[in-house]
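As a plain string of letters, each chain reads:
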Amino acid sequence: MQSIGNQRDRQAVVWTRQSGKPVKMGRLYLTESDCRFTYELDYLSLQQPGLGLLYAPEIVQESTIIRPRTEFFDFLPPIQSLVPPKGEHNFQRKLVLAYLAKKGIQPNNGLEADWEILKIAGHGAIGHLDVFENDDKALQWYATPPAAELFQVTEDLGFSLKETLSWLDQDASELINIIGPTPSVGGAIPKILLSIPDTGWDNRIGLPSRGPAPQMTDVVVKFEQNTAYPGINELEALALDIHKEAGFEVPNYWLSDMRGIPVLAVERFDRNTANTPVFTETLYSILATGDADITHHYSYSYDAIGTAIDKSPMDIISQRKQGKIQLMKRLVLSLLTGNGDLHLENLSVKLNQGEAEFTPVYDPTPMRAYAIHNMISVMPFGDYGEMINNRDEPVGLTESIQNLAKHLGLTPSEATEVIHFSLQVTESFTERVSNLKTLPELNKNNLIDIVNKVRARIKQSI
Ligand SMILES: Nc1ncnc2c1ncn2[C@@H]1O[C@H](COP(=O)(O)OP(=O)(O)O)[C@@H](O)[C@H]1O
Ligand SMILES: [Mg+2]
C-alpha cells in the first residue's frame, strides 16, 4: 500500500573539525516519525570519534541510526543538544530567531523553528559537531573564518548590551550586529561564545575562533541577570575555586563587566590549545541515547549514572571506578556548597586520546542561594527522602549518602575519605560566601544557613 505523508523529510549534514581539518561525518534526516543519521563511508575509514559516545562509528558502521521522535527529542540527543531549549524567553533562542527574522525567515513555533535554529546555531557551537543545511553551506562556512580580530568593549561599539539583556520587549539585533550570527549554548543563563586574548580578559572580545588562532582563547561568557540572580557570577567563581582546591580540573575564568553588566568568562574545554574542537557530550545526551525513558536533564539518579558507567558496553567513563569516585565527590561537594543543580547537563564527558573522561568542572554554582532553586538536589541519590521498606521515616541524608556510595561500588573507607576530604575543602566556604561583594545579604544568609545545616548532617555520616 502506498502512503503519502503530509510533510517533506528534512535533510541536513553533519561535519566536524575535530582533526583540525573539516570533514563530513554524515547525513541527518528528519521524517514525520523518526530522526535518522548515516555515517559517510569515507568518515568511517578515518576512525575518528562520531556523533556521540554511544553512536560510535565502529558500532554503527554503515547502518542508519533510527530513533523515533518523541515530544522530548525530535532529534538524536547529540543533535538535540545544539538546539536551545524551547521557551520564548530563552536568550540563545531569541538571538537566533531575531537573526533569522532579519533575513526574512519567520518559522512557526515548534519543529519548524527548531529546524531553522539548528541550521544556524548547529555549527561553531559547543562541542565537535557542526550541522549545516547542506555541504555547500559547510564548505563556505569553513572557507571563510572571520579574522582573528579583537574589539574593545566600549561605548562606541554602538549597541546596548544592557538593554538587550533586559530583553523582554527588545530584540537582539544590535547585539547580533556586533557579534554576528552567534553560535549558541544551551542552558538558562544568557551566554555567548566569544574569544579573548590568550593573556586573559582585558575588555577586548572577538568572535569564536574557527581555526588556529594562536593569540586567542575561546570562552563562554555568562551575563549576570541582576534582578533574578544578583551576585551569581561571583558565586560561581567561588564554587569553581573550591572545586579546583578539591583537585578537580577547572577552566580558567575571568570576572569582569561589560558596559555595566557583570560577566564571567570561562575558558572553553571543548577547544584545545590550537582552538580545535574536542569531542564533548553531556551526560544527558549520552544517557538519553541509551535510554528512551530519559526525558529531562534531571530524570535519572546518581546511583543510575554509576550503574550506566559500570554496565555500558561502550565506555561512558573509561576509568570506571575512578569516574564513580569523581561523581560521588562532585555530589558531596555540591551538597556542601549549596548547589542542588548538578544535573545531567552539568556533567559532560570528553574524549582524551580515546579515553572517555569527565570534562573539567563547569556550572557548579551554589544555586540554593536563590529561593526558587533551594532544593537539596535536583536528582535523587541513595533513596534520599524515600519511604522504603514500610519504615515510618524517610531515608535521611547520612543514610542516603552511604547508600549511594554502596551503589557506586565504593568501599566504606573510600566513602569516608570522600566525605572527610570534601568537608575539609569546604571548611571556610561560608566565610568566603560572607566576604562576597555582590551577593545580597539575604542570599548570603540563606545560603550560609542552608550549608551549615547540611554540613552538620553530613558530619554525622563519618
Ligand atoms: N567552559 C566550558 N567549555 C565548554 N563547554 C561549556 C563550558 N561551560 C559550559 N559549557 C557548555 O555549555 C552548557 C551551558 O553552560 P552552563 O555553564 O551549564 O550554563 P547554565 O548556567 O546556563 O546552565 C553546558 O551544559 C556545557 O555543555
Ligand atoms: Mg548548566
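Residues numbered from 1 in each chain as written. Chains lettered and ligands numbered in written order. Predicted model: local features only at pLDDT ≥ 70, side-chain atom pairs only at ≥ 80, totals over all residues.

### A short note on the overall build of the chain
Point 1. Tallying secondary structure elements over the chain gives 16 helices and 14 strands in all.
Point 2. The C-alpha radius of gyration computed for the chain amounts to 22 Å, which stays within 12% of the reference 23 Å derived for 462 residues, consistent with globular compactness.
Point 3. Its C-alpha atoms put the chain at 60 × 60 × 40 Å along the principal axes.
Point 4. Expressed as a percentage of its 462 residues, the buried residues of the chain come to 43%.
Point 5. At a minimum sequence separation of 6, the contacts of the chain that also span at least 24 residues come to 67%. (Helix = DSSP H or I, 4+ residues; strand = E, 2+ residues; numbered from the N terminus. Rg over C-alpha atoms; globule rule 2.2 N^0.38 Å. Buried ≥ 20, exposed ≤ 12 C-beta atoms within 10 Å, placed from the backbone. Contact = placed C-beta atoms within 7 Å.)

### What to know about the packing of helix H12 (residues 320-336) against helix H14 (residues 412-425)
The description of two packed helices rests on the angle between their axes and on the distance between the axes.
Point 1. For the pair H12 and H14, the least separation of the axes is 10 Å and the interaxial angle reads 40°. As the angle between them shows, H12 and H14 are arranged oblique. Considering how the two elements wind past one another, H12 and H14 form a crossing that is right-handed. Here Ile325, Met328, Lys329, Val332, Leu333 and Leu336 of H12 lie close against H14, whose contacting residues are Glu414, Val418, Ile419, Ser422 and Leu423.
Point 2. For the contact of H12 with H14, the residue count by class is 8 nonpolar, 1 polar and 2 charged. (Axes fitted to C-alpha atoms, helices over the stretch in contact; angles between N-to-C directions. Parallel < 35°, antiparallel > 145°, perpendicular 65-115°, else oblique. Left-handed = near helix turned anticlockwise from the far one by under 90°. Nonpolar A, V, L, I, M, F, W, Y, C, P; charged D, E, K, R; others polar.)

### Brief notes about the sheet that holds strand S10 (residues 253-258)
Point 1. Within the open sheet, the 4 strands sit side by side as S7-S9-S11-S10. Their pairing is antiparallel. The outermost strands of the open sheet, each flanked by one partner alone, are strand S7 (191-197) and S10. Averaged over all pairs of adjacent strands, the angle between strand axes in this sheet comes to 35°, irrespective of strand direction.
Point 2. Relative to strand S11 (residues 261-267), S10 runs antiparallel, the two being bridged by 6 bridges. Residue pairing in the sheet places serine 256 in a bridge with valine 263 of S11. (Pairing = 2+ DSSP bridges.)

### Thoughts on the sheet that holds strand S3 (residues 34-39)
One key point about sheets: their strands pair by backbone hydrogen bonds, in either a parallel or an antiparallel sense.
Point 1. The antiparallel open sheet is built from 5 strands, whose spatial order is S4-S3-S2-S1-S5. With partners counted over all chains shown, the strands left at the sheet margins are strand S4 (64-68) and strand S5 (129-132), one partner each. Mean inter-strand twist for the sheet, computed between neighbouring axes without regard to direction, equals 25°.
Point 2. Bridging between S3 and S4 involves 5 bridges; their strand directions are antiparallel. Counted as the bridge partner of phenylalanine 37 is isoleucine 65 from S4.
Point 3. Of the strands in this sheet, strand S1 (10-16), strand S2 (23-30) and S5 are in contact with helix H6 (residues 135-143), which crosses S5 at around 125°.

### What about the environment of alanine 456?
Point 1. Residue placement: alanine 456 occurs in helix H16 (residues 441-459).
Point 2. Sequence-wise, alanine 456 and leucine 336 are 120 residues apart; in three dimensions their C-alpha atoms are separated by 9.9 Å.

### Points about the pairing of strand S13 (residues 348-352)
Point 1. As paired elements, strand S12 (residues 280-282) and S13 share 3 bridges and run antiparallel to each other. By the bridge assignment, glutamate 281 is partnered in S13 with valine 349.
Point 2. Note: S13 against strand S14 (residues 355-358), 4 bridges, orientation antiparallel. Looking at S14, one finds that lysine 350 is bridged to glutamate 357.
Point 3. The antiparallel hairpin formed by S13 and S14 contains 2 residues in its connecting segment, where glutamine 353 sits at a positive phi of about 50°.

### Things to note about the nonpolar core
The nonpolar side chains of a soluble globular protein tend to be buried with one another.
Point 1. Of all hydrophobic cores here, the largest spans 106 residues; its most connected members are Val131, Ala265 and Met328.
Point 2. When residues in this core are grouped by element, the largest group, 7 residues, is from H12.
Point 3. Those residues within four positions of alanine 265 in sequence are excluded, and the remaining contacts are Ile196, Trp201, Val219, Val221, Tyr253, Trp254 and Ser256. (Core = buried A, V, L, I, M, F, W, Y, C linked by C-beta atoms within 7 Å.)

### A short note on the confidence of the model for the chain
Point 1. Here the chain shows a mean pLDDT of 89. Residues at 70 or above account for 91%.
Point 2. Counted against residues more than four places away or in other chains, residues 155-187, with its pLDDT under 50, gives 66 contacts. (pLDDT = per-residue confidence, 0-100.)

### Brief notes about the environment of alanine 148
Point 1. In this fold, alanine 148 is placed in the loop between H6 and strand S6 (151-152).
Point 2. Distance in space between the C-alpha atoms of alanine 148 and phenylalanine 421 is 43 Å, their sequence separation being 273 residues.
Point 3. Those residues in contact with alanine 148, other than ones at most four positions away along the chain, are Gly206, Ser209, Ala213, Gln215 and Met216.

### Observations regarding helix H13 (residues 397-407)
Point 1. Taken together, the buried positions of H13 are occupied by Leu397, Ser400, Ile401, Leu404, Ala405 and His407. What you see down the axis of H13 is that its buried residues fit within an arc of 165°, all on one side.
Point 2. Residues of H13 that are buried sit in contact with helix H11 (302-311), H12, H14 and H16.
Point 3. Two residues or fewer after H13 comes glycine 409, characterised by a positive phi angle close to 80°. (Arc of directions from axis to C-beta.)

### A short note on unusual backbone geometry
Point 1. Positive phi, close to 55°, is recorded for glutamine 47, a residue that is not glycine.
Point 2. In this structure, glutamine 47 sits in the loop between helix H1 (41-46) and helix H2 (57-60).
Point 3. Backbone geometry places asparagine 203, a non-glycine residue, at a positive phi of 75°.
Point 4. Take asparagine 203: it is sitting in the loop between S7 and strand S8 (204-205).

### Notes on helix H10 (residues 283-290)
Point 1. Counting buried positions over the 8 residues of H10 gives 7, a clear majority of the element.
Point 2. Leu283, Tyr284, Ser285, Ile286, Leu287, Ala288 and Thr289 are the residues of H10 that are buried.

### Notes on the pairing of strand S9 (residues 216-223)
Point 1. Judged by how many residues are buried, S9 sits mostly within the fold: 8 of 8 residues are covered.
Point 2. Burial along S9 is two-sided: the residues Met216, Asp218, Val220 and Lys222 and Thr217, Val219, Val221 and Phe223 are all buried.
Point 3. When S7 meets S9, the two strands line up antiparallel, connected through 7 bridges. Bridge assignment links isoleucine 192 to a residue of S9, and that residue is valine 221.
Point 4. Pairing analysis gives 5 bridges linking S9 to S11, with the strands arranged antiparallel. Bridging across to S11, lysine 222 finds its partner in leucine 264.

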